[in-house]
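Examining the three-dimensional arrangement
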Amino acid sequence: MAALASGCLGFIVGMMLLWVIPDRPDSQISLGYLPLGTAAVFTLGVVVYVALAITFGVRLAAWLEGTRLTVRGLRQRSVELADARSVALRQTNQKLVGPVRHSGVIGPARPVSVLDIADGRSRVRLRLASREAVQLPPEQLLALASALSTARCPGAVEVVAWLRGTAALAQRG
């Protein structure tokens, strides 16, 4: 649907350009195919965007192997938690595209916690919530806290305490 709509919009833009650009009989360039060309460019843009969005959404994953945290988006990055040089926890606002599945209501952006870990070779950012802004289960938070407790860098002790506290609150509620 989006590709068809963008193709139609591209065709309309091409027709408008034909009205604006004067056609010279002595010119070697024919503008007759301009509407089709703009329609093709608009359609191709939407198709590429949708393909990238689907690819990115399908590839999203994160896992722990001992103390090695791997996060996969378009690229895959890993960081050794025991060798971490910095650990930080920050809040970011969830970008809502449509209604939230649990409530069905479009509302303000919800804050989501993001764990930022660097070990000198690479940097990993791990969202601690799903796309629907639902926090990770307590078991996963505790596993991450346990693996991160091996780190001896600034911020690690505070983040481990926050992860354990958040998991304990989630288990009670």
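Okay, so let's go over this structure. Per-chain numbering applies: the sequence of each chain, read as written, is numbered from 1 onward. This being a predicted model, a pLDDT of at least 70 is required before a residue's local features are given, and a value of 80 or more before pairs of side-chain atoms are given or counted; all residues contribute to the totals for chains, interfaces and linings. Note: side-chain values were computed over all heavy atoms of the structure, leaving out hydrogens and water.

A short note on the sheet that holds strand β2 (residues 68-72)
Paired strands, as defined in this entry, are two strands with at least two bridges between them according to DSSP. Secondary structure is summarised from DSSP: a helix means a run of H or I of at least four residues, a strand means a run of E of at least two, and numbering begins at the N terminus for each. As summarised here, the arrangement of the 3 strands in space is β1-β2-β3, forming an open sheet in which the pairing is antiparallel. In the strand order of this sheet, the two ends are held by β1 (61-65) and β3 (76-80), each with one partner. Ignoring which end each strand starts from, the neighbouring axes of this sheet average 15° apart. As paired elements, β1 and β2 share 5 bridges and run antiparallel to each other. All axes here are fitted lines through C-alpha atoms, helices being fitted over the stretch that makes contact, and every angle between N-to-C directions spans 0 to 180 degrees.

Here we look at the nonpolar core
What makes a nonpolar core is a set of buried Ala, Val, Leu, Ile, Met, Phe, Trp, Tyr and Cys residues whose side-chain atoms join them at distances within 4.5 Å. Relative accessibility decides the category of a residue: with a 1.4 Å probe and only protein chains considered, values under 20% of the type maximum give buried, values over 50% give exposed, and everything between is partly exposed. If you look at the biggest cluster of nonpolar residues, it comprises 23 residues, and the most contacted ones within it are L69, V87, L115, I117, L148 and L163. Going through the elements one at a time, β2, β5 (111-118), β6 (123-127), α3 (138-148) and α4 (156-172) are the ones with two or more residues in this core. If sequence neighbours within four positions are ignored, L115 has contacts with V87, A88, L89, V124, R125, L126, L128, L144 and V159. Here, residues are in contact when the closest pair of their heavy atoms is within 4.5 Å.

Overview of the environment of P154
Relative to the assigned elements, P154 resides in the loop between α3 and α4. By relative accessible area, which is 63% here, P154 ends up exposed. In this structure, the C-alpha to C-alpha distance between P154 and S86, residues 68 residues apart in sequence, is 5.6 Å.

Digging into the pattern of salt bridges
Salt bridge, as applied in this entry: a Lys or Arg side-chain nitrogen positioned within 4 Å of an Asp or Glu carboxyl oxygen. For the coordinates displayed, the defined rule picks out 4 salt bridges. Between D116 and R125 there is a salt bridge; the shortest N-O distance is 3.7 Å. Of the residues examined, D116 reaches a relative accessible area of 8% and is grouped as buried. It is possible to trace a salt-bridge network through shared partners that takes in D116, R123 and R125.

Some words on the sheet that holds β5
Strand order in this open sheet of 3 strands is β4-β5-β6, and the pairing throughout is antiparallel. At either margin of the open sheet sits one strand with a lone partner, and together these are β4 (86-93) and β6. Averaged over neighbouring strand pairs, the angle between their axes works out to 25° when direction is ignored. Direction of pairing for β4 relative to β5: antiparallel, over a ladder of 8 bridges. Paired with L89 across the two strands is L115, which belongs to β5.

A closer look at the side chain of T70
Inspection of the secondary structure puts T70 in strand β2. At a separation of 2.8 Å, a polar atom in the side chain of T70 contacts the side chain of S78. Among residues more than four places away in sequence, those in contact with T70 are A61, A62, W63, Q76, R77 and S78. Pairs of N or O atoms within 3.5 Å make up the polar contacts considered here, provided that, within protein, one atom can donate a hydrogen while the other can accept it, and that residues adjacent in sequence are counted only when both atoms are side-chain atoms.

Some words on the pairing of β6
Along β6, the buried face is formed by V124 and L126; none of R123, R125 and R127, which line the opposite face, is buried. Looking at chain direction, β5 and β6 are connected through 5 bridges and run antiparallel. Looking at β6, one finds that V114 is bridged to R127. If you look at the hairpin formed by β5 and β6, you'll find 4 residues sitting between the two strands, and G120 has a positive phi there, around 100°.

As for the packing of α3 against α4
For the pair α3 and α4, interaxial distance at closest approach is 9 Å and the crossing angle is 160°. Judged on the interaxial angle alone, α4 and α3 are roughly antiparallel. Two packed elements cross with a definite hand, and for α3 against α4 that hand is left-handed. In this structure, α3 contributes P138, L141, L142, L144, A145, S146 and L148 to the contact, and α4 contributes V159, V160, L163, R164, T166, A167, A170 and Q171. Gly falls in the polar group here, along with every residue not listed as nonpolar (Ala, Val, Leu, Ile, Met, Phe, Trp, Tyr, Cys, Pro) or charged (Asp, Glu, Lys, Arg). Class assignment of the residues belonging to the contact of α3 with α4 gives a composition of 11 nonpolar, 3 polar and 1 charged. Roughly parallel means an angle under 35 degrees; roughly antiparallel, over 145; roughly perpendicular, 65 to 115; everything else is oblique. Definitions for this section: a left-handed crossing has its near helix turned counterclockwise from the far helix by less than a right angle. A right-handed crossing has that turn clockwise.

These figures capture arrangement, not role.
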